[in-house]
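Topology and contacts: notes
One letter stands for each residue in the lines below.
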Amino acid sequence: MCAALHQFSCLCERYVLHHRYLPHAFLVNNVQVEGAILCLPHSWLLWDVQSFSDITPKTLAILDLLDPPPEVLVVGCGAAMKPLPQQLQEFLRARNIAVESLDTRNALSYFNFMNDEGRQVVGALLPAGVAAAPADSTDP
């Protein structure tokens, strides 16, 4: 893992584990974290994303720095599941990263399950209280 990630992450003894969530926060390894987060198998980062529409290849560029690369990206969309825009699907497909787009409650469970199995998983999680954005008419 690159040194820059270590500077901004909270390294955990074993695995990142989500104990519960609040409308605008998460409880990760017994630490309350406000706002969106990126969860890696052994660390987590604050993520500068406010809404589903802010999730772009640019806000996920950190995926290119991870070694080993993630097998799966679990996107917690907030209050409700929403399909990812085509541009983001292509970005992930080009990197051979499978994606699961779920409401945050289910994304947390899926992330914990995959992480407990030792899989290379990344969780890109919006707080559960974030409302689903209206469908964009430009998305196919």
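Cut-offs used in this document
Residues numbered from 1 in each chain as written. Predicted model: local features only at pLDDT ≥ 70, side-chain atom pairs only at ≥ 80, totals over all residues. Heavy atoms only, no water. Helix = DSSP H or I, 4+ residues; strand = E, 2+ residues; numbered from the N terminus. Buried < 20%, exposed > 50% of the residue type's maximum accessible area, 1.4 Å probe, protein only. Contact = heavy atoms within 4.5 Å. Areas by Shrake-Rupley, 256 points an atom, 1.4 Å probe, with all protein chains shown as cover. Expected span 1.5 Å × (residues − 1). 1 Å grid on protein atoms, 1.4 Å probe; cavity = no way out; pocket = protein on both sides within 12 Å on 5 of 7 lines; lining within 4 Å. Points joined across faces, edges and corners; volume = space filled by probe spheres on them.

A separate point is the overall build of the protein. The number of helices and strands found in the protein is three helices and eight strands. Reading the protein from its N terminus to its C terminus gives the helix and strand order α-β-β-β-β-β-β-α-β-α-β. Residues classed as buried in the protein amount to 42% of the 140 residues present. Taking as baseline every contact in the protein between residues at least 6 positions apart, the subset at least 24 positions apart corresponds to 68%. In the structure as shown, the protein presents an accessible area of about 7,400 Å², 54% of it carried by carbon and sulfur atoms.

Our next topic: unusual backbone geometry. In the segment running from Asp 67 into Pro 68, the intervening peptide bond is cis, with an omega of 5°. Positive phi, close to 55°, is recorded for Asn 96, a residue that is not glycine. Following the sequence through the fold, Asn 96 ends up in the loop between α2 (86–93) and β7 (98–102).

Relative to the helices and strands, Thr 104 is located in helix α3 (residues 104–116). Discounting chain neighbours no more than four positions away, the residues touching Thr 104 are Phe 26, Gly 76, Cys 77, Gly 78, Leu 126, Pro 127 and Ala 128.

Our focus in this paragraph is α3. Here α3 is 13 residues long and its end C-alpha atoms lie 18 Å apart, about the 18 Å a rise of 1.5 Å per residue gives. Gly 118 sits one or two positions beyond α3 and adopts a positive phi of about 85°.

Another point: the layout of surface pockets. In this structure, the second largest pocket encloses a volume near 170 Å³. In this structure, the second largest pocket is lined by 11 residues; those nearest its centre are Leu 38, Leu 45, Leu 46, Trp 47 and Ile 62.

By secondary structure assignment, the location of Gly 35 is in the loop between β3 (31–34) and β4 (37–39). For Gly 35, a relative accessible area of 23% translates into the label partly exposed. When the C-alpha atoms of Gly 35 and Trp 47 are compared, they prove to be 7.6 Å apart, with 12 residues separating the residues in sequence.

So yeah, pure geometry; function would need other evidence.
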